[in-house]
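Listed here are the chains, written in short residue letters.
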Amino acid sequence: MHTADWTVLITYLVGTVLLGIFLGKLIRNPSDMFAAGGKSPWWTSGLSAFMTMFSANTFVVWGGLAYQYGVVAILVNLCYGLAALLAGFTVAGKWKRLGIRTPAEYVEKRFGVAALHFYTWAMMIFRIVGAAGALYAIATLIVAVTGGSDTAKVVTGLPPKLVTAILVFGAIVVLYTMIGGLWAVLMTDVLQFIILNLAVIFVVVLILNGMGGFGGFLEQAPEGFLALTAPPKYTWLFLAGWVAVHYFMIGAEFAFVQRYICVPTPKDARKGAYLFGFLYLFSPFLWLLPPLLWRVQSPIPEGASPEMIVGIKETAYIQSCKSVLPVGMVGLMLAAMFSATASLISSQLNVFSGVLTNDIYRPLAKAVTEKRLLFMGRVFTVVLGVVIAGIALLIPSLGGAEKVIVAITELMVVPMLAPVLWGLLNRKIDSSALWLTAGICIPLGIALHFGFAKGGFLDQRMPEDGSGGFLLWLSFNFKTLVGVILPLVIMLLVQASAKSESPRWKDVQALHERPEVDESATASSHLPALLVGWSMVVVGAGMSMLIPVNSEDRLMLGVFAMIMALLGAVIVGVGRRQRKQAREGEAELR
């Protein structure tokens, strides 16, 4: 990489830590640490939830799917938008109205202490391992690119550079999350959203300019590239199941529920979820364009082996970016990829350190103070960060086991979260729903996963000619059947067989039926708008400094820099005016 690229990447990393330190001034108690004091603007919550869905795997997995199969990758990601809109309409406001400190507090009130511990430890294990996999992926990708290689596939084992990258990137995320709490998570997510989309828009404009516009892409697209499905795996049944899985994830997973309870009012919670959903209804068309366009520019070679295709598609995103980005912008693109991964890791760090502090440590401690809880929250953040980095360092020795864990996690989402969401909406559901769905669906899904694995007992029963009838169909659809349809059937049966409401329903209903929060009594903070605006001004100024080191695309760099700085200035002006109005209103009340 060019010196300018290194400068951009390092400046971004340092700036992220400084932002966390600055936001640490807002952290005075556990509520500030884990719920932003209930003062996060709805748009900050929505953008943060949007970014929580991203990681380095977004570019590797979905970018690879877009390169290989085409438009179906966009359709798969549109499912997130539908799921978020459904969650916003049905449950986002209900979570805020409960008045809980953490989502785990609701689980304990609704299902009991045993359910709390089961949810906490089971979800923590799989989400922390997933975060470790994301950390390893981004470290591997950046080491490969900065080392002069075009593909992370050449980074094998655990070379010293990879160890350093894992430790440095992990330490940065832990540091700003520990100091700045949920405020740092929310604000860095917003800035990451801006940087990601800036970098992607830049790439798309340059690629389209080089291939004669979007019409040129449509003319050269491979056959079937514009199809909405890609059987036998990516079928309409898969897409329906994908919406269902992510409805329960976005509606009930701790990291997303945290976004609903950190805003001032239930209305703000719904608006944040709607923003998340609407963004996902059009943004995949933008950030999946680079690998789609790259397929036309660099087609899959004839006679390529499956191993070659995997290597080509996994690096399609970064290859498309490197082919057009000017000096300095490659560093910005890597910063965007790191940003996406940091968003996922920081979200899991903050939500689970909050659960450990408020729902595990607080009941066990004696005469605990708010100051002590805040200290323990930061301790738990560091401990979980060390665990994530440690698992990331162990991934090469696991022999690909992380892929098995990711697959099992997909099977866990609805069986684990359906009772949580159902219990929020229905008075008859009790803890038996949890134990039945988790006890039946998860073991069955694991058995089928390993059964259909290469050499598994079900795989061995399939004919070698590729035909397999029902077994072949089941091998592609069992995750939807066992991970989505079966738990929903169990939930319906539990509800139908229950003769009276759950004894614990009244505990939650007492919170749920509280009067609507007076929106004039609780105001969101104006600081996020000011921080975002000034950050955009700084990014615009930084882009303008790249003009002298580039011989081409200077005009485009200048235009992007000017637009970014002007938008930032407008946001700063709006933020200042809102802050002034708020202060004048407070003065009148006095």
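Preceding this paragraph is the structure being described.
Residues numbered from 1 in each chain as written. Predicted model: local features only at pLDDT ≥ 70, side-chain atom pairs only at ≥ 80, totals over all residues. Heavy atoms only, no water.

## Here's the deal with the overall build of the protein chain
Put simply, the test is: For the purposes of this entry, the term helix denotes a DSSP run of H or I that reaches at least four residues, the term strand denotes a run of E that reaches at least two, and both are numbered from the N terminus. Burial here depends on accessible area, computed with a 1.4 Å probe over protein chains only, as a share of the maximum for the residue type. Under 20% is buried, over 50% is exposed, and the range in between is partly exposed. We call two residues in contact whenever any of their non-hydrogen atoms come within 4.5 Å of each other.
When you go through the protein chain residue by residue, the secondary structure sums to 23 helices and zero strands. Counting the 590 residues in the protein chain, one finds 56% classified as buried. A fraction of 87% describes how many contacts in the protein chain between residues 6 or more apart in sequence connect residues 24 or more apart.

## A few points about the side chain of R259
The line we're drawing: We define a polar contact as two N or O atoms separated by no more than 3.5 Å, with the added condition that, inside protein, one atom must be a possible hydrogen donor and the other a possible acceptor, whereas residues neighbouring each other in sequence contribute only through side-chain atom pairs.
Relative to the helices and strands, R259 is located in helix α11 (residues 254–261). Polar contacts involving the side chain of R259 include one to the side chain of S347, which spans 2.8 Å. The residues contacting R259, other than those within four sequence positions of it, are S45, S48, A49, T52, L182, V185, L186, D189 and S347.

## Points about the side chain of H246
Relative to the helices and strands, H246 is located in helix α10 (residues 236–252). Those residues in contact with H246, other than ones at most four positions away along the chain, are M53, Y80, A83 and G251.

## Things to note about the nonpolar core
Using the following cut-off: Among the buried residues, those of types Ala, Val, Leu, Ile, Met, Phe, Trp, Tyr and Cys that are joined through side-chain atoms within 4.5 Å form a nonpolar core.
Among the nonpolar cores identified, the biggest contains 192 residues, and W95, Y106 and F338 are the most heavily contacted of them. With 29 residues, the single largest contributor to this core is helix α8 (residues 160–210). If we skip the residues at most four places from it in the chain, W95 touches I100, Y106, G251, A252, V257, Y260, I261, V420, L421 and L424.

## Quick word on the packing of aromatic side chains
Any pair of aromatic rings gets described here by the distance separating the centres and the angle formed by the planes. As a reminder, the rule being used: Any two rings among Phe, Tyr and Trp, with Trp reduced to its six-membered ring, count as a pair given centres within 6.5 Å; such a pair is stacked if its planes are under 30 degrees apart, edge-to-face if over 60, and tilted if neither. Placement of a charge over a ring requires the Lys NZ or Arg CZ to be within 6 Å of the ring centre, with the centre-to-atom vector within 35 degrees of the ring normal.
Throughout the structure, instances matching the rule amount to 21 aromatic pairs. Each ring, one from F50 and one from F193, has its centre 5.5 Å from the other, and the planes form 85°; the classification is edge-to-face. Note that F50 is positioned in helix α3 (residues 42–52) and F193 in helix α8, a separation of 143 residues in sequence. Of the two residues, F50 and F193, both sit in the buried class. Three or more aromatic residues joined by ring pairs form one cluster here, namely F50, W62, Y69, Y80, F193, Y234, F238, W242, F256, F276, Y280 and W287. Here the guanidinium or amino end of R110 rests over the ring plane of F111, the centre of that ring lying 5.6 Å away. In this arrangement the basic side chain of R295 is found over the ring face of Y67, its NZ or CZ atom lying 5.6 Å from the centre.

## Digging into the packing of α11 against helix α16 (residues 329–364)
Packed helices, taken two at a time, are described by their axes: the angle between them and the distance between them. So the rule is basically this: Only C-alpha atoms enter the line fits that serve as axes; for helices the fit covers just the stretch in contact. Angles between N-to-C directions range over 0 to 180 degrees. Orientation categories follow fixed angle ranges, with anything under 35 degrees roughly parallel, anything over 145 roughly antiparallel, 65 to 115 roughly perpendicular, and all other angles oblique. Gly falls in the polar group here, along with every residue not listed as nonpolar (Ala, Val, Leu, Ile, Met, Phe, Trp, Tyr, Cys, Pro) or charged (Asp, Glu, Lys, Arg).
The interhelical angle for the contact between α11 and α16, taken along N-to-C directions, is 80°, at an axis separation of 9 Å. By the angle between their axes, α11 is roughly perpendicular relative to α16. For the pair α11 and α16, the contacting residues are F254, A255, Q258 and R259 in the first and S347, Q348, N350, V351, F352 and V355 in the second. Here the residues of the contact of α11 with α16 are counted per class, giving five nonpolar, four polar and one charged.

## Digging into the pattern of salt bridges
Note the cut-off: Note on definitions: salt bridges are taken to be side-chain nitrogens of Lys or Arg within 4 Å of carboxyl oxygens of Asp or Glu.
Tallied over the full model, the rule gives two salt bridges. A salt bridge links R127 to E253; the nearest nitrogen and oxygen atoms lie 2.5 Å apart. Of the two residues, R127 sits in helix α7 (residues 113–146) while E253 sits in the loop between α10 and α11, which places them 126 residues apart along the sequence. Taken as a pair, R127 and E253 share a single burial class, namely buried. Notably, a salt bridge pairs E501 with R427, separated by 3.1 Å at the nearest N-O pair. Taken as a pair, E501 in the loop between α20 (469–497) and α21 (505–512) and R427 in the loop between α18 (401–425) and α19 (431–452) lie far apart in primary sequence, 74 residues in all. Of the residues examined, R427 reaches a relative accessible area of 44% and is grouped as partly exposed.

## What to know about helix α12 (residues 266–287)
Put simply, the test is: Here a helix's expected span is defined as the number of its residues, less one, multiplied by 1.5 Å. What is called the bend at a residue is the angle between a pair of axes, fitted to the seven residues leading up to and ending at it and to the seven starting from it.
Its 22 residues place the ends of α12 31 Å apart at the C-alpha level, agreeing with the 32 Å of an ideal helix rising 1.5 Å per residue. The sharpest bend along α12 measures roughly 40° and falls at L281, with the proline P284 sitting one to four residues further on. Listed in full, the buried residues belonging to α12 are P266, D268, A269, G272, A273, F276, G277, L279, Y280, S283, P284 and W287.

## Description of the environment of M337
For M337, the location among the structural elements is in helix α16. Judged by relative accessible area, M337 falls into the buried class, the value being 1%. Along the sequence, M337 and F54 sit 283 residues apart, while their C-alpha atoms lie 8.9 Å from each other. In this structure, M337 is in contact with F59, I138, L141, Y317 and I318, ignoring residues within four places of it in sequence.

## A short note on the environment of L334
By the element assignment, L334 lies in helix α16. Separated by 196 residues in sequence, L334 and I138 have C-alpha atoms that sit 9.0 Å apart. Those residues in contact with L334, other than ones at most four positions away along the chain, are M1, L9, I142, V145, T146 and I318.

## Points about the packing of α8 against α16
Selection rule: Each helix crossing is assigned a hand: it is left-handed if the near helix lies turned anticlockwise from the far helix by less than a right angle, otherwise right-handed if that turn is clockwise.
Two elements in contact, α8 and α16, have axes whose closest approach is 7 Å; the angle formed by their N-to-C orientations is 140°. Between α8 and α16, the interaxial angle falls into the category oblique. Between α8 and α16 lies a crossing of left-handed hand. Of the residues that constitute the contact of α8 with α16, the class distribution is 21 nonpolar, eight polar and one charged.

## Remarks on a nonpolar patch on the surface
Condition: Distance thresholds for patches are 9 Å for like charges and 5 Å for nonpolar side chains (Val, Leu, Ile, Met, Phe, Trp, Tyr), applied to residues having over 30% relative accessible area and no salt bridge. Each accessible area is a Shrake-Rupley result for a 1.4 Å probe, and residues are judged covered by the shown protein chains and nothing else.
Where nonpolar side chains cluster on the molecular surface, the patch consists of M1, W6, I10, V14, L18 and I21 and spans about 530 Å² of accessible area. With respect to the element layout, M1 can be found in the segment before α1 (3–23). For M1, a relative accessible area of 31% gives the class partly exposed.

## As for α1
Every α-helix carries 3.6 residues per turn, so stepping three or four residues along brings you back to the same face. Here α1 contains 21 residues, and its C-alpha end-to-end distance of 30 Å stays within 8% of the 30 Å for a straight helix at 1.5 Å per residue. Restricting attention to buried positions, one finds in α1 the residues A4, D5, V8, L9, Y12, L13, T16, V17, L19, G20 and L23. Among the structural elements, α7, α8, α16 and α22 (527–544) are those in contact with the buried residues of α1.

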